[in-house]
Amino acid sequence: MTPERPSGPFRVGDRVQLTGPKNRMHTITLREDGELHTHHGVLRHTALIGQPDGSVVTNSGGHEYLALRPLLRDFVMSMPRGAAIVYPKDAAQIVAQADVFPGSVVVEAGVGSGALALSLLRAVGENGRLVSFERREEFADVARANVETFVGHVPHNWEVVVGDLVAELPTAVAPASVDRVVLDMLAPWECIDVVADALQPGGVVLCYVATATQLSRVAEFIRGTGLFTEPDANETMVRGWHVEGLAVRPDHRMVAHTGFLIWARRLAPGAVAPEQKRRASKSSYGDEDVELWTPGAVGDRQITDKNLRKRVREAERAAEGARIAAQGPAEDGN
């Protein structure tokens with residue numbers, strides 16, 4: 001089945017985004033006996049079940065709530081997280097800059113909490129394939145549950161491999177069979193050689209890194225292989241605007257730096273790219289520089305095992321709600 005969001009009246013198991021007083025938002029999973037308790041009053045889930053998307057309902061305190069199914073960007077920002085997510089602004093650029101197309105074969109590492117996987121699954125379509133690698137089983141569990149919650153089922157064309165990309169990729173895909181590879185990890189340069197073997201000529205490798213030091217090192221490694229075109233890099237910053245009558249101004253807050261994107265294309269076997277007429281001189285680094293590449297030094301957020309187990313439970317509960325919602329129409333027809 002093609003990953004799609006449900007439409008029509010709200011059903012038990014649906015995720016619903018409620019916007020209430022002072023524009024405060026709540027995301028709930030609808031249940032027959034469910035209630036949303038706030039200091040403004042109680043809103044029973046039964047007031048929403050059967051109502052169309054975009055309805056306005058009133059709680060026991062007389063306060064109104066706008067009810068909408070979450071968009072992908074809304075879901076990603078509110079879903080349970082095991083690892084840090086790829087923000088929607090970066091996921092959109094990854095799909096665009098890597099040119100992920102319907103029917104393509106894409107490899108992703110690591111899967112994290114599943115945020116990028118959702119965008120990649122939409123881009124590859126029903127006839128494409130996504131293989132996601134993740135070193136930690138707990139993170140993979142959160143990602144699987146989050147994808148199932150949003151899509152409503154586990155996509156048939158999505159495979160999650162728990163293990164190290166360098167060790168597992170050669171057995172997961174055939175040589176020169178992958179169209180795109182997206183690396184979201186601490187040291188992507190460690191995987192470039194095995195990625196080069198998996199990519200077909202003209203394929204794209206794209207790395208998502210947090211710091212300028214990582215950006216520099218992965219660029220130099222890609223250049224040093226001689227297997228890729230000259231890498232390109234950028235970052236995306238989004239600034240919202242307040243628009244009300246003649247009061248038009250930038251928002252006081254903005255989503256600025258979250259990460260860098262750097263990408264290059266696989267050359268044909270034996271091909272040598274024409275030398276660039278103007279290229280910045282290569283930066284040198286030694287063993288003492290490499291010692292600074294600890295997870296904390298490059299901003300890798302650590303999560304406690306207790307907190308991670310909690311995130312897994314939250315994600316699995318949401319996925320259970322999605323399964324209930326998916327079974328609804330079949331039960332109605334019996």
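Residues numbered from 1 in each chain as written. Predicted model: local features only at pLDDT ≥ 70, side-chain atom pairs only at ≥ 80, totals over all residues. Heavy atoms only, no water.

Asker: Where do I start with the overall build of the protein in this structure?
Answerer: Looking only at helices and strands, one finds nine helices and 15 strands in the protein. Here the protein, with 334 residues, has 44% of them falling under the buried criterion. Across the protein, every contact between residues at least 6 apart in sequence was considered, and the portion connecting residues at least 24 apart equals 66%. (Helix = DSSP H or I, 4+ residues; strand = E, 2+ residues; numbered from the N terminus. Buried < 20%, exposed > 50% of the residue type's maximum accessible area, 1.4 Å probe, protein only. Contact = heavy atoms within 4.5 Å.)

Asker: Help me out: how do you make sense of a nonpolar patch on the surface in this one?
Answerer: A cluster of nonpolar side chains, namely Val56, Leu66 and Leu68, defines an oily patch on the protein surface of about 220 Å² accessible area. You can see Leu66 is positioned in strand E6 (residues 64-68). We classify Leu66 as partly exposed; its relative accessible area is 33%. (Patch = residues over 30% accessible without salt bridge, like charges linked within 9 Å, V, L, I, M, F, W, Y side chains within 5 Å. Areas by Shrake-Rupley, 256 points an atom, 1.4 Å probe, with all protein chains shown as cover. Salt bridge = Lys/Arg side-chain N within 4 Å of Asp/Glu carboxyl O.)

Asker: So what exactly am I meant to see when it comes to the packing of aromatic side chains here?
Answerer: For any pair of aromatic rings, geometry is given as the distance between the ring centres together with the angle between the planes. By the definition in use, this model includes one aromatic pair. Arranged with centres 5.0 Å apart and planes meeting at 40 degrees, the rings of Phe75 and Phe150 form a pair that is tilted. Of the two residues, Phe75 sits in helix H1 (residues 72-78) while Phe150 sits in helix H4 (residues 137-151), which places them 75 residues apart along the sequence. For the residue pair Phe75 and Phe150, the accessibility class agrees, reading buried in each case. (Phe/Tyr/Trp six-rings, centres within 6.5 Å; stacked < 30°, edge-to-face > 60°.)

Asker: Quick question: what am I supposed to make of the sheet that holds strand E2 (residues 25-29) here?
Answerer: The pairing of strands in a sheet happens through backbone hydrogen bonds and is either parallel or antiparallel. Taken together, the four strands give an open sheet; going across it, the order is E2-E1-E6-E5, and neighbouring strands pair in antiparallel fashion. Each of the sheet's edge strands pairs with one partner strand only, and the pair in question is E2 and strand E5 (55-58). Adjacent strand axes in the sheet meet at a mean angle of 30 degrees, parallel and antiparallel pairs treated alike. Examined bridge by bridge, E5 and E6 share four bridges and lie antiparallel to one another. (Pairing = 2+ DSSP bridges. Axes fitted to C-alpha atoms, helices over the stretch in contact; angles between N-to-C directions.)

Asker: How should the packing of helix H3 (residues 115-124) against H4 be read in this particular structure?
Answerer: Close contact between H3 and H4 brings their axes to 10 Å; oriented N to C, the two are set at 50 degrees. On the basis of their axis angle, the class for H3 and H4 is oblique. Every pair of crossing elements has a handedness; the one defined by H3 and H4 is right-handed. Taken together, the residues of H4 that come into contact with H3 (itself represented by Ala117, Leu118, Leu121 and Arg122) are Val147, Phe150 and Val151. (Parallel < 35°, antiparallel > 145°, perpendicular 65-115°, else oblique. Left-handed = near helix turned anticlockwise from the far one by under 90°.)

Asker: Would you take a moment to explain the nonpolar core for this structure?
Answerer: A general trend in soluble globular proteins is that nonpolar side chains are found buried together. Core analysis: the largest hydrophobic core is formed by 35 residues, its most contacted members being Val100, Leu118 and Trp158. Sorting the residues of this core by element identifies H1, helix H2 (88-97), H3, H4, strand E9 (158-162), strand E11 (199-209) and strand E15 (260-265) as the ones contributing at least two each. A total of eight residues in this core trace back to one element, the largest contributor, which is H3. (Core = buried A, V, L, I, M, F, W, Y, C linked by side-chain atoms within 4.5 Å.)

Asker: Help me understand the sheet that holds strand E7 (residues 105-109), please; the structure alone is not making it clear to me.
Answerer: The mixed open sheet is built from seven strands, whose spatial order is E9-E8-E7-E10-E11-E15-E12. Strands at the two margins of the open sheet, each flanked by one partner only, are E9 and strand E12 (232-235). Within this sheet the neighbouring strands show an average axis-to-axis angle of 15 degrees, counted without direction. As paired strands, E7 and strand E8 (residues 129-134) are joined by five bridges and run parallel to one another. Looking at E8, one finds that Glu108 is bridged to Ser132.

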